[in-house]
Amino acid sequence: MALNNTPQDFPQKKLAVLGSTGSIGTQTLEVVRQHPDLFAIEVLSAQNQADILIEQALEFKPNMVVIGNEALYEKVNEALYRTDTKVFAGRESLEEAACCAEVNTVVTALSGAAGLKPTLKAIEAKKNIALANKETLVAGGELVCKASREHRVPIIPIDSEHSAIFQCLAGEQYNPVEKIFLTGSGGPFRGKTRAELENITPAQALKHPTWSMGRKITIDSSTLMNKGLEMIEAKWLFGVRPEDIEVVIQPESIIHSMVSFADGSVKAQLGVPDMKLPIQYALSYPFRPALNTPRLNFAELGSLHFEKPDTDTFMCLALAYRAIEKGGNMPCIMNAANEIAVEAFLAEKISFLQIGRLIEKAMETVTFSAEIQLKTLEETDADTRDFCRRTVASGISL
Ligand code: MG
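This structure is a prediction, so every number in the text was calculated from the model and none was measured. (Residues numbered from 1 in each chain as written. Predicted model: local features only at pLDDT ≥ 70, side-chain atom pairs only at ≥ 80, totals over all residues. Heavy atoms only, no water.)

## Looking at the packing of helix H4 (residues 91–98) against helix H5 (residues 116–124)
Between H4 and H5, the shortest axis-to-axis distance is 8 Å and the interhelical angle comes to 30°. In terms of orientation, H4 lies roughly parallel with respect to H5. In this structure, H4 meets H5 at a crossing whose hand is right-handed. Here H4 contributes Arg91, Leu94, Glu95 and Ala98 to the contact with H5, which in turn contributes Lys117, Pro118, Lys121 and Ala122. (Axes fitted to C-alpha atoms, helices over the stretch in contact; angles between N-to-C directions. Helix = DSSP H or I, 4+ residues; strand = E, 2+ residues; numbered from the N terminus. Parallel < 35°, antiparallel > 145°, perpendicular 65-115°, else oblique. Left-handed = near helix turned anticlockwise from the far one by under 90°. Contact = heavy atoms within 4.5 Å.)

## Focus on the packing of helix H1 (residues 23–34) against helix H2 (residues 50–60)
In contact at an axis separation of 12 Å, H1 and H2 are set at 15° when each is read in the N-to-C sense. One way to sum up the angle between H1 and H2 is to call them roughly parallel. In this structure, H1 crosses over H2, and the sense of that crossing is left-handed. On H2, the residues touching Thr26, Leu29, Val32 and Arg33 of H1 are Gln56, Glu59 and Phe60. A per-class count over the contact of H1 with H2 returns 3 nonpolar, 2 polar and 2 charged. (Nonpolar A, V, L, I, M, F, W, Y, C, P; charged D, E, K, R; others polar.)

## A word on H1
With 12 residues, H1 ought to run about 16 Å at 1.5 Å a step, and its terminal C-alpha atoms sit 17 Å apart, in line with that. Considered for burial, the residues of H1 that qualify are Ile24, Gly25, Gln27, Thr28, Leu29, Val31 and Val32. For H1, the elements touching its buried residues are strand S1 (13–18), strand S2 (39–46), H2, strand S5 (105–108) and helix H12 (276–284). (Expected span 1.5 Å × (residues − 1). Buried < 20%, exposed > 50% of the residue type's maximum accessible area, 1.4 Å probe, protein only.)

## Considerations on the nonpolar core
Judged by nonpolar contacts, the single largest core of 87 residues is most densely connected at Val76, Ile158, Met334, Phe352 and Ile359. Core analysis: the second largest hydrophobic core is formed by 29 residues, Ala16, Ala97, Leu120 and Ala139 among them. (Core = buried A, V, L, I, M, F, W, Y, C linked by side-chain atoms within 4.5 Å.)

## Considerations on the sheet that holds strand S3 (residues 64–67)
On the basis of which strands lie adjacent, the open sheet formed by 7 strands has the order S4-S3-S2-S1-S5-S6-S7 and parallel pairing. Edge positions in the open sheet fall to strand S4 (86–89) and strand S7 (155–157), since each of these has one partner strand only. On average, each strand axis in the sheet is inclined to that of its neighbour by 20°, with strand direction left out of account. As paired elements, S2 and S3 share 4 bridges and run parallel to each other. Pairing of Ala46 across the sheet is with Ile67, part of S3. Lying over the sheet, H4 contacts S1, S2, S3, S4 and S5, oriented at roughly 150° with respect to S3. (Pairing = 2+ DSSP bridges.)

## Some remarks on the environment of Ile372
Looking at the secondary structure, you find Ile372 in the loop between helix H16 (352–365) and helix H17 (374–394). With 230 residues separating them along the chain, Ile372 and Glu142 place their C-alpha atoms 7.8 Å apart. Setting aside residues up to four positions removed in sequence, Ile372 forms contacts with Glu142, Leu143, Gly328 and Leu377.

## Quick word on the packing of aromatic side chains
In this structure the tally under the stated criterion is 7 aromatic pairs. Relative to Tyr285, the ring of Tyr281 lies with its centre 5.7 Å away and its plane at 70°, an arrangement referred to as edge-to-face. Judged by relative accessible area, which is 6%, Tyr281 ranks as buried. Judged by its relative accessible area of 36%, Tyr285 is partly exposed. Taken together, the ring pairs connect Phe10, Phe39 and Phe287 into an aromatic cluster. For Lys235, the ring lying beneath its charged end belongs to Trp236, and the centroid distance is 4.5 Å. The lysine or arginine in question, Lys326, covers the ring of Phe368, its NZ or CZ lying 4.5 Å from the ring centre. (Phe/Tyr/Trp six-rings, centres within 6.5 Å; stacked < 30°, edge-to-face > 60°. Lys NZ or Arg CZ within 6 Å of the ring centre and 35° of its normal.)

## A few points about unusual backbone geometry
Looking along the chain, the bond that leaves Tyr285 and enters Pro286 is cis, with omega of 5°. Inspection of the secondary structure assignment puts Pro286 in the loop between H12 and helix H13 (298–301). Residues other than glycine seldom take positive phi values, yet Arg152 does so here, at roughly 50°. Structurally, Arg152 can be placed in the loop between helix H6 (134–150) and S7. Arg152 gets classed as exposed once you look at its relative accessible area, which sits at 75%.

Pasting the structure below:
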């Protein structure tokens, strides 16, 4: 494949892919497969999917793999016994792997706030971060941004909207952002009333109209919490105020986000909804090597549509604005409550509409703290999960 726009001296990136068996992880490996000269895999990690991890390790021959679930260590170790790949297990090994000397770029594709600590460790070890784990910035945005400034480590977003904003900002270093238009498809239940959402099943919520993604983010998209998390992520990544971020529903998912400037000009980034594009851009920035993805056909597309989000029906988006306005550990509470609420919904322990109500209850109940330290956030995260699990188990009406 022609790489005529990538300079000869593009140093091969040595990657640690944290969460390599998930949706972003496997698509990252597809990008690596297309460009073995540009990217090499040094570390792969997975929580539970041992079989896929073993298969990936046999193909990409990393220096080491980490299986999060220690009970699966023997299985992975045995399968890779005859290879040069070293096998480790458990949370601490994951943090160490992200910092190992052979790695220069860490792709954080873990799901949930579990990504916070390994991301911070990788920043401290001066690894470039390609960030797919938005919960990290939601729970610990202030800490992560401070660490990234102190250690002069760039954080390049993989989330498609933030990649779009990042691309719109290329060459605009002298021009302050007036507004960010964060676009979203509206999810599978766009236009529905609360009454119509009463009996939604997990199977219905898992059918996203435009993007193919992991289960957690697909449910987040159906509640619009995903847009809430992304609004907070954008605030930290681009240093803007929440009131300068406007969520716009763009059902075709062709415009991935937009930025406006002081002269009224609006820049947008467009493309087919395919995560390989933002993944590759985060890894090859500022270059654009060729990528084998479908191309946009505007005549076939015909038209694009825009709407305001319905925050009365989809209360999670409003909760996110409330959480970031309050600051401190509130976004961390909201995020942890959401993780448990989504888990409980998928296990059919709470209804679709109870997701937002459980999060709101946690935000009203768990102890607020204005101070943000890693220890405080870890305690907040644990307390919130505990509160939400107890609330779900008690069966009290939400
Ligand atoms: Mg996104």
